Amino acid sequence: VTSEKSRISQSPRFTCYVGVSIGRRKESLVGSAVGFARMMVVVGLFLIVFCATLDFVWLGGGTESGVDSTGGAVDGNWGQSWSVEGFGVPQFPELGDSLREELVITPLQSGNVAATFQFRTRWDSKLLQEKVSHYRLFPKVLGQVISKYSVQELHLSFTHGFWQSRAWGHPFLQAPAGAELWVWFQDSVTDVDQTWKELTNILSGIFCASLNFIDSTNTVTPTASFKPLGLSNVTDHRLLRYSILPREIVCTENLTPWKKLLPCGSRDAQCFSVSWELRQTLTVVFDVFSTGQGKRDWSLFKMFTRTAIEACPLALQSKIYIDVSSKDQENKLIDVSPHPTLVQEVSVQGDRRQYAVYNLQDQELFNSSRNLNIMLKWKGTQEKGEPLAPVLYTERYISGYGLQKGKLNTVIYNSHPYRAFPIIFMETVPWYLRLYVHTLLITTKGKDNKPSYIHYQPAKDRLHPHLLEMLIQLPANSATKITIQFERALLKWTEYPPDPNHGFYVSPSTVSALVPSAIGMKTDSVEESPLFTTLFPSSDVSSYFVRLYTEPLLVNLPTPDFSMPYNVICLTCTIVAVGYGSFYNLLTRTFQREEPRTSGLAKRLANIIRKLRGVPAL
């Protein structure tokens, strides 16, 4: 199961991914990050992008499930070997679970600095075949949900804002704006729609989110865009459900339950049996120019306001990676202190990068005060040029005028100088935007580009949205434009939100592709490779998988003047209360003449006085 949690602020200052381990009093690598992230979420002054991810994947077991000859479990989709090497920490082979944690700090092309925390919990257990009552590292709340609803894979993300791919490059793990949820169910599930509905309500309570608003009007079943990431060979797309809530707002209420899923443990976790993997990541991007008086130098203290960073005492692995790659290998412009004990070369997204590695389980790394403040300084002055665009990136916008018709425009760029490659494009459009499919036009370099595969599911009013999937070939060094016209529907007055003039959100488009690599991808074993290299798996040494999301769109629909009903109601109530009420009272009231009555005591007193005066009695 994979769950991804993302947050991006509209104030472009920096980006953050965070995680925390539970049941510890001392500040660990995770604890320091989470404390900082929660502070920045509340303040939000320098936050550009916030993203916390949770990946939970079934790895299978035995030879039939994909265990290679070396004993490590192999990812069935991407052919990568999974195994873990211990670092002298306590081993618990009878419990079958392990935890790895790492921090990756990457200077971005735009001059910002990205910090990515990642935590992977693996558990060798048959959740779907036997009743499990004891949980050590793996979160019990997820284990019970997976077992009850027969979940094969689950991917959940929360995002606020948008990652600037053209200026920052591709992130390790990208998520769309808002809330995204897609789930693969076991083939034993008979009623997928009912199970999906119950699962979304359960996850809504777990993560304190509005996932209960997921229904048939925003749920689709893709046929080609989303495949299982684990060892499952599920090909029946009817077991898949996908939905996006682009208006979902992320806050600390969502981060708190996410961090509570983090365990702390260690074990050699070779997958000889059925295994479940839980992966959580969190990323922050800092604007060092604003906080450093125009300098690109940074340190852990400047970013996290603390230096007391320690490894989780039960973690199998706890490392910090600093990207020290340089175009000019002879004259390096980056100086890192303290000096790393190891510089590792890793293939990342089609490029070969160098990382300075700091093992937090190495006692010689810390000084007497148990503080670690890693600093990076740039030698000389740096000229901030135009950032290099990634090989694949997209943009999306709406054109047209008025509130009747419009056009959706998506531009997909392939900046590779000589390699063409196919992409799978998926578009999900709400039912109140009625698409004219005959106006679909795909052009590349001024010529029509016919897709080799098209799957279209038309929308039904108030039942389900449009779904469009296409397989498109992108020529080298080209920009492919996809346009389709639509008509805005007029909603019922009860279907408008409380702020109808704000507009209606349209879900981001999805682009999935195997991007050609500029270098030969190294096939290192997982024991030697960082965790972040497994976030973009490759099917061979010449390409790597990338899934991109476009910007969400905000569309204005024909909106009635809701102030007029308010005025009419006030006027009507006034007329009814003053005019009709008074007239009805006059018509229905009965008048009777009553003689004045005098009490007996007063009459007797009056007669006594009249008798004394010699006047006849009353």
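Within every chain, residues take consecutive numbers counted from 1 along the sequence as written. Only residues with pLDDT of 70 or above have their local features reported here, since the model is predicted, and side-chain atom pairs are shown and tallied only from 80 upward, although totals for entire chains, interfaces and linings are computed over all residues. No hydrogens and no water enter the side-chain calculation; it runs on all heavy atoms of the structure.

Engineer: Any chance you could break down the overall build of the chain for me, citing the residues and the numbers?
Structural biologist: Strands are runs of DSSP state E lasting at least 2 residues, helices are runs of H or I lasting at least 4, and numbering of each runs from the N terminus. Looking only at helices and strands, the chain features nine helices and 30 strands. Classification of residues uses two cut-offs on accessible area relative to the type maximum, computed with a 1.4 Å probe and protein chains only: under 20% is buried, over 50% is exposed, and between them is partly exposed. A burial count over the chain gives 53% of its 618 residues as buried. Computed with a 1.4 Å probe, the accessible areas rest on the Shrake-Rupley method; for each residue, only the protein chains presented here act as cover. Entry remark: accessible area of the chain is about 29,200 Å², with carbon and sulfur atoms responsible for 54%.

Engineer: Describe the sheet that holds strand E19 (residues 392–399), with residues and values.
Structural biologist: Hydrogen bonds between backbone groups are what pair the strands of a sheet, and the pairing can be parallel or antiparallel. What the five strands build is an open sheet, ordered E19-E20-E26-E22-E23; its pairing is antiparallel. Two strands lie at the open edges of the sheet, namely E19 and strand E23 (447–448), each paired on one side alone. Pairing between two strands is assigned when DSSP locates at least 2 bridges connecting them. Bridge count for strand E20 (residues 405–414) against strand E26 (residues 478–488) is ten bridges, and the pairing is antiparallel. Bridge assignment links Tyr413 to a residue of E26, and that residue is Ala479.

Engineer: How would you sum up the layout of surface pockets? Please name residues and give values.
Structural biologist: One simple way to see leftover space: roll a probe sized like a water molecule over the atoms. As a volume, the second largest pocket reaches approximately 910 Å³. Taken together, 29 residues form the lining of the second largest pocket, with Asn218, Leu245, Arg247, Tyr432 and Phe504 sitting closest to its centre. Secondary structure elements with two or more residues in the lining of the second largest pocket: strand E11 (240–245), strand E21 (421–429) and strand E27 (504–506). When residues in the lining of the second largest pocket are grouped by element, the largest group, four residues, is from E11. Of the residues contributing to the lining of the second largest pocket, the split by class is 16 nonpolar, eight polar and five charged. Only protein atoms enter the calculation, which uses a 1 Å grid: trapped sets of points that fit a 1.4 Å probe without letting it out are cavities, open sets showing protein on both sides within 12 Å along at least five of seven lines are pockets, and any residue with an atom within 4 Å of a point is a lining residue. Grid points are joined across faces, edges and corners, and a volume is the space filled by probe spheres set on the points. Throughout this entry, Asp, Glu, Lys and Arg are counted as charged residues, while Ala, Val, Leu, Ile, Met, Phe, Trp, Tyr, Cys and Pro are counted as nonpolar. The remaining residues, Gly among them, count as polar.

Engineer: Describe helix H5 (residues 252–259), listing the residues and the values that go with them.
Structural biologist: Taking burial as the measure, the eight residues of H5 include seven buried ones, the bulk of the element. Among all positions in H5, only Thr252, Asn254, Leu255, Thr256, Pro257, Trp258 and Lys259 are buried.

Engineer: Provide a residue-level description of the confidence of the model for the chain, including the pertinent values.
Structural biologist: A score from 0 to 100, pLDDT tells how confident the predictor is in each residue. Model confidence for the chain is summarised by a mean pLDDT of 74, while 71% of its residues fall at 70 or above. Whether two residues are in contact is decided by their heavy atoms, any of which lying within 4.5 Å being enough. Contacts of residues 1–50 to residues separated by more than four positions or lying in other chains number 240 contacts, the stretch itself having pLDDT below 50. Predicted confidence is poor over residues 60–94, with pLDDT under 50, and the contacts of this stretch with residues over four places away or in other chains come to 98 contacts.

Engineer: Now, about the packing of helix H2 (residues 140–149) against helix H4 (residues 192–206): what can you tell me, with residues and values included?
Structural biologist: Axis geometry follows a simple rule: fit a line to the C-alpha atoms, using only the stretch in contact for helices, then measure angles between N-to-C directions, giving values from 0 to 180 degrees. Two elements in contact, H2 and H4, have axes separated by 11 Å at closest approach and are oriented at 170°. The pairing of H2 with H4 is recorded here as roughly antiparallel in orientation. Facing H2, whose interface residues are Val141, Val145 and Tyr149, H4 presents Thr195, Glu198, Leu199, Ile202 and Ile206. Here the angle decides the label: under 35 degrees means roughly parallel, over 145 means roughly antiparallel, 65 to 115 means roughly perpendicular, and every other value means oblique.

Engineer: Any details on a nonpolar patch on the surface? Residues and values, ideally.
Structural biologist: A grouping of Leu601, Leu605, Ile608 and Leu612 is seen on the molecular surface, where their side chains present a nonpolar patch of about 450 Å² in accessible area. Examined against the element boundaries, Leu605 turns out to sit in helix H9 (residues 600–612). Surface patches are defined over residues having more than 30% relative accessible area and no salt bridge, joining like charges when they lie within 9 Å and nonpolar side chains (Val, Leu, Ile, Met, Phe, Trp, Tyr) when within 5 Å. Any Lys or Arg side-chain nitrogen found within 4 Å of a carboxyl oxygen on Asp or Glu counts as a salt bridge.

Engineer: Explain the pattern of salt bridges to me, and be specific about the residues and the numbers.
Structural biologist: Considering all chains together, one arrives at nine salt bridges under this definition. Residue Arg247 is joined to Asp499 by a salt bridge in which the shortest nitrogen-to-oxygen separation is 2.5 Å. Residue Arg247 is found in the loop between E11 and H5, and its partner Asp499 is found in the loop between E26 and E27; the two are separated by 252 residues along the sequence. Here Arg396 ties to Glu427 by a salt bridge, and the two come within 2.3 Å at their closest N and O atoms. Within this pair, whereas Arg396 is found in strand E19, its partner Glu427 is found in strand E21, the two being separated by 31 residues in sequence. Of the two residues, Arg396 and Glu427, neither departs from the other in class, the shared state being buried. When salt bridges that share partners are traced, they join Arg120, Glu277 and Arg279 into one network.

Engineer: Summarise the environment of Pro257; cite the residues concerned and give the values.
Structural biologist: With respect to the helices and strands, Pro257 occurs in helix H5. Judged by its relative accessible area of 13%, Pro257 falls in the buried class. On a C-alpha basis, the gap between Pro257 and Ile206 in space is 6.8 Å, while along the polypeptide they are 51 residues apart. Leaving out residues up to four positions away in the same chain, Pro257 has contacts with Ile206 and Phe207.

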